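# Residue-level structure breakdown
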Amino acid sequence: MMPAQPKPAAVQTVQPGARLTTILEDGTDGPVYSLEADSTDLGREEGGIVLPNDPYLSPRHARFFRRGSTWFVRDLDSLNGIFVRLARPASLVDGDLLLAGLQVLKFALVSGAEQALGPAKQHGTLLFGSPIFPRYARLCQRTVEGVTRNVFYLHKNETTVGRESGDIVFTDDPFLSRRHLVIRRDTARGTFTVEDLGSVNGTYLAIHGEVALENGAQIRLGQHLFRFDLLHSRGEGARRTS
């Protein structure tokens, strides 16, 4: 009778950890915050990571957590939101917030009733004024006072934004590239996408709820810019030495 074979030892799966690396204004790495637990909150007053000197952070602002082997970030109903740098073109929906340079721009679709407006007239006389263009959406410039400063209507299928060249230009913003981003309209579907044009400082889109994080993703929280780094489990990727 053959002796019973020992059962193979169970293989314990170690989920990869992660860290947040602060990116300083000169582009170098700053303080590093480990994400070792399955869930870590970040805020100005509460959480596993507390940044008390950032007045733009809410008391408990964001939650970083993993589900299986994937990491996510969730907005905890913060006032200023969570902005993630675009790595590829992204869809725009009504109410989205864009961050480019120092500009916070709210994307808003134009309602059907507003699109249907025609020339005004009174007692059969047409109103004299600037010519009208079709308008499909608008970008509203949000200021620190919480009010809208300027409104830019999107009436072309491609609208570029930049510091020196484009349809919408912010000449006083030193953090914008010459041609920074483009917003495109799909004429067949009536939908919009935004794409960064290789700018130095990037284009950021505020998240809705929670989003999955890719390795190397850059995240803007208050005045802080972080890089999300995924850490491999111990021994993974080790090279054999002779």
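Residues numbered from 1 in each chain as written. Predicted model: local features only at pLDDT ≥ 70, side-chain atom pairs only at ≥ 80, totals over all residues. Heavy atoms only, no water.

## A short note on the overall build of the chain
Looking only at helices and strands, one finds one helix and 22 strands in the chain. When each of the 242 residues of the chain is scored for burial, the buried share is 36%. Pairs at least 24 residues apart make up 48% of the contacts formed inside the chain by residues separated by at least 6 positions. Here the chain has roughly 15400 Å² of accessible surface; of this, 51% comes from carbon and sulfur atoms. (Helix = DSSP H or I, 4+ residues; strand = E, 2+ residues; numbered from the N terminus. Buried < 20%, exposed > 50% of the residue type's maximum accessible area, 1.4 Å probe, protein only. Contact = heavy atoms within 4.5 Å. Areas by Shrake-Rupley, 256 points an atom, 1.4 Å probe, with all protein chains shown as cover.)

## Observations regarding the pairing of strand β13 (residues 137–142)
In terms of residue burial, β13 counts as a mostly covered element, since five of its six residues are buried. Strand direction decides the pairing type here: strand β10 (residues 103–109) and β13, joined by six bridges, are antiparallel. Bridging across to β13, L109 finds its partner in A137. Two successive antiparallel strands, β13 and strand β14 (residues 148–154), enclose a turn made up of five residues, where G146 displays a positive phi of approximately 85°. (Pairing = 2+ DSSP bridges.)

## Structural notes on the pairing of strand β3 (residues 39–43)
Burial runs high along β3: four of the five residues are buried. Note that β3 and strand β5 (residues 62–67) share four bridges and pair antiparallel. In the strand pairing of β5, L42 is matched with A62. Pairing of β3 with strand β4 (residues 49–50), which is carried by two bridges, proceeds in the parallel orientation. Bridging from a neighbouring strand, L42 pairs with I49 of β4.

## So, the pattern of salt bridges
Using the criterion set out here, one finds 16 salt bridges in the structure. Among the ionic pairs, E45 bridges to R44, the shortest N-O distance being 3.2 Å. The partly exposed category is assigned to R44, whose relative accessible area is 22%. For the salt bridge of E210 with R74, the shortest nitrogen-to-oxygen distance reads 2.8 Å. (Salt bridge = Lys/Arg side-chain N within 4 Å of Asp/Glu carboxyl O.)

## Details of the sheet that holds β5
Strand pairs in the sheet, formed through backbone hydrogen bonds, run parallel or antiparallel to each other. The five strands lie next to each other as β4-β3-β5-β6-β20, forming an open sheet whose pairing is mixed. Because the sheet does not close on itself, it has two edges, and the strands there are β4 and β20 (210–212).

## Some thoughts on the sheet that holds strand β22 (residues 224–230)
Pairing in this open sheet of 10 strands is antiparallel, and the strands run β2-β1-β22-β21-β7-β19-β9-β10-β13-β14 from one edge to the other. Of all strands in the sheet, those with a lone pairing partner are β2 (29–35) and β14, marking the two edges. Strand-to-strand, the axes of this sheet are offset by a mean angle of 30°, without reference to chain direction. Across three bridges, strand β7 (residues 83–85) lies against strand β19 (residues 203–206) in antiparallel orientation. Following the sheet pairing, F83 is matched in β19 by A206. (Axes fitted to C-alpha atoms, helices over the stretch in contact; angles between N-to-C directions.)

## Considering unusual backbone geometry
Even without glycine at this site, D77 takes up a positive phi of about 55°. Within the secondary structure, D77 sits in the loop between β6 (70–75) and β7. Classification of D77 as exposed rests on a relative accessible area of 76%.

## Remarks on the packing of aromatic side chains
This structure, assessed with the given rule, holds five aromatic pairs. Seen in terms of ring centroids, Y33 and F226 are 6.2 Å apart; in terms of plane orientation they differ by 80°. Their pairing is edge-to-face. Of this pair, Y33 sits in strand β2 while F226 is found in strand β22, placing the two residues 193 residues apart along the sequence. It is R67 that lies over the ring of F72; its NZ or CZ is 4.5 Å from the centre. (Phe/Tyr/Trp six-rings, centres within 6.5 Å; stacked < 30°, edge-to-face > 60°. Lys NZ or Arg CZ within 6 Å of the ring centre and 35° of its normal.)

## Re the side chain of S199
Structurally, S199 can be placed in the loop between β18 (191–196) and β19. There is a polar contact of 3.3 Å between the side chain of S199 and the side chain of H180. Those residues in contact with S199, other than ones at most four positions away along the chain, are R85, S177 and H180. (Polar contact = N/O pair within 3.5 Å; in protein donor to acceptor, adjacent residues only side chain to side chain.)

## Topic: the confidence of the model for the chain
Chain-level statistics for the chain give a pLDDT mean of 89 and a share of 86% at 70 or above. When the criterion is pLDDT under 50, residues 233–242 qualifies, and its contacts beyond four places in sequence or with other chains add up to one contact. (pLDDT = per-residue confidence, 0-100.)

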